[in-house]
Amino acid sequence: NAGVTQTPKFQVLKTGQSMTLQCAQDMNHNSMYWYRQDPGMGLRLIYYSASEGTTDKGEVPNGYNVSRLNKREFSLRLESAAPSQTSVYFCASDVSYEQYFGPGTRLTVT
Amino acid sequence: QQQVKQSPQSLIVQKGGISIINCAYENTAFDYFPWYQQFPGKGPALLIAIRPDVSEKKEGRFTISFNKSAKQFSLHIMDSQPGDSATYFCAATNSGNTPLVFGKGTRLSVIA
């Protein structure tokens, strides 16, 4: 099992550009999550999906959209990137509250 | 509003010493308290977790102590090793299908 995979690993965008971060899990988990991690701020929840077909806002949803494409895949889209969105993004899935994290995407917006 | 407060932000411990990280929570409905360990360049991984029906849980050198009346829980790392150097996050949730709430993390450095 690959667990939780994320693509790309690194990305540099210019202000105003758009992109989609991809996440997939092969553990048949119902719930999936997107976090951003910034120095001194810990892990902040952007959006989550408790099950296929549902999505909910987390703590910091502004500037992001998500799509739960199927049970395996949960994507995060930045429509118009801003420097404040420079961060490391983690996708996770869970079973019984044990979350499994992907390796992260390091995004820089210039 | 931060619902889980974690301290200290950073910690330096001598090899063989005890590392202690503390967390306090506000929501009395929380009933699951995990700790995650994150190495540089990696995603966090579950280390150990506790539910409030017990006051302590031990797995190897790692122990969670839980004080329900004080709404506090802590991670103790006994005989700390350089390989334990990582960032540690506490978290909490209630078992009602709500997401985990994470503390801001503690960067632990174990020096020889």
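Structure: see above.
1. Some words on the overall build of chain A
Helix and strand content of chain A: 0 helices and 11 strands. The helix and strand sequence of chain A, counted from the amino end, reads β-β-β-β-β-β-β-β-β-β-β. Expected size for 110 residues packed as a compact globule is a radius of gyration near 13 Å; at 13 Å, chain A falls within 12% of this value. In terms of overall dimensions, chain A has C-alpha extents of about 35 × 25 × 25 Å along its principal axes. In chain A, which comprises 110 residues, the proportion classed as buried is 49%. For chain A, contacts bridging at least 24 residues in sequence account for 54% of all contacts bridging at least 6. Summed over its atoms, the accessible surface of chain A is roughly 5100 Å², and 48% of this surface lies on carbon and sulfur atoms. Distance from the positive charge centre (10 side chains) to the negative charge centre (9 side chains) of chain A: 8 Å.

2. Structural notes on the pattern of salt bridges
Under the counting rule described, the total for this entry stands at 6 salt bridges over all chains. The salt bridge partner of aspartate 38 of chain A is arginine 44 of chain A, with a shortest N-O separation of 2.9 Å. Given the relative accessible area of 17%, arginine 44 of chain A is considered buried. Note that arginine 51 of chain B is salt-bridged to aspartate 31 of chain B, the shortest N-O span being 3.9 Å. Placement of arginine 51 of chain B in the loop between β5 (45-50) and β6 (56-59) and of aspartate 31 of chain B in the loop between β3 (19-25) and β4 (33-38) is noted, with a sequence separation of 20 residues between them. The partly exposed category is assigned to aspartate 31 of chain B, whose relative accessible area is 25%.

3. With respect to the pairing of strand β7 (residues 64-68) of chain A
Residues and elements named next belong to chain A. Here β7 shows one buried face, formed by Tyr64, Val66 and Arg68, and one open face, formed by Asn65 and Ser67. Strand direction decides the pairing type here: β7 and strand β8 (residues 74-78), joined by 5 bridges, are antiparallel. Among the inter-strand pairings, arginine 68 is bridged to a residue of β8, identified as phenylalanine 74.

4. What about the side chain of threonine 87 of chain B?
Tracing the sequence through the fold places threonine 87 of chain B in strand β9 (residues 86-92). Contacts of threonine 87 of chain B, omitting those with residues within four sequence positions, involve Tyr36, Gln37, Gln38, Gly105, Thr106 and Arg107 of chain B.

5. Here's the deal with the packing of aromatic side chains
As enumerated under the stated definition, the model contains 18 aromatic pairs over all chains in all. Between phenylalanine 101 of chain A and tyrosine 36 of chain B, the aromatic rings sit 5.8 Å apart at their centres with planes inclined by 80°, giving edge-to-face as the arrangement. Of the two residues, phenylalanine 101 of chain A sits in strand β10 (residues 98-101) while tyrosine 36 of chain B sits in strand β4, which places them in two different chains. Summarising the burial analysis for this pair, phenylalanine 101 of chain A and tyrosine 36 of chain B share the class buried. Members of the aromatic cluster, connected to one another through ring pairs, are Tyr33, Tyr35, Tyr48, Phe90 and Phe101 of chain A together with Tyr36, Phe89 and Phe102 of chain B.

6. Things to note about the interface of chain A and chain B
Listed as interface residues are 19 residues of chain A and, on the opposing side, 21 residues of chain B. Taken together, the two surfaces of chain A and chain B that pack against each other cover about 1500 Å², and 59% of this comes from carbon and sulfur. Run the count over chain A and chain B and you get 0 salt bridges. Here chain A is connected to chain B by 2 residue pairs in polar contact (both at pLDDT 80 or more). Elements with a contribution of two residues or more to the side of chain A that touches chain B: β4 (31-38), β5 (42-49) and β10 of chain A. For the side of chain A that touches chain B, the class distribution of residues is 11 nonpolar, 7 polar and 1 charged.

Rules of the game
- Residues numbered from 1 in each chain as written.
- Chains lettered and ligands numbered in written order.
- Predicted model: local features only at pLDDT ≥ 70, side-chain atom pairs only at ≥ 80, totals over all residues.
- Heavy atoms only, no water.
- Helix = DSSP H or I, 4+ residues; strand = E, 2+ residues; numbered from the N terminus.
- Rg over C-alpha atoms; globule rule 2.2 N^0.38 Å.
- Buried < 20%, exposed > 50% of the residue type's maximum accessible area, 1.4 Å probe, protein only.
- Contact = heavy atoms within 4.5 Å.
- Areas by Shrake-Rupley, 256 points an atom, 1.4 Å probe, with all protein chains shown as cover.
- Lys, Arg positive; Asp, Glu negative; His and termini not counted.
- Charge placed at Lys NZ, Arg CZ, Asp CG, Glu CD.
- Salt bridge = Lys/Arg side-chain N within 4 Å of Asp/Glu carboxyl O.
- Pairing = 2+ DSSP bridges.
- Phe/Tyr/Trp six-rings, centres within 6.5 Å; stacked < 30°, edge-to-face > 60°.
- Buried area = accessible area lost by both parts, 1.4 Å probe.
- Polar contact = N/O pair within 3.5 Å; in protein donor to acceptor, adjacent residues only side chain to side chain.
- Nonpolar A, V, L, I, M, F, W, Y, C, P; charged D, E, K, R; others polar.

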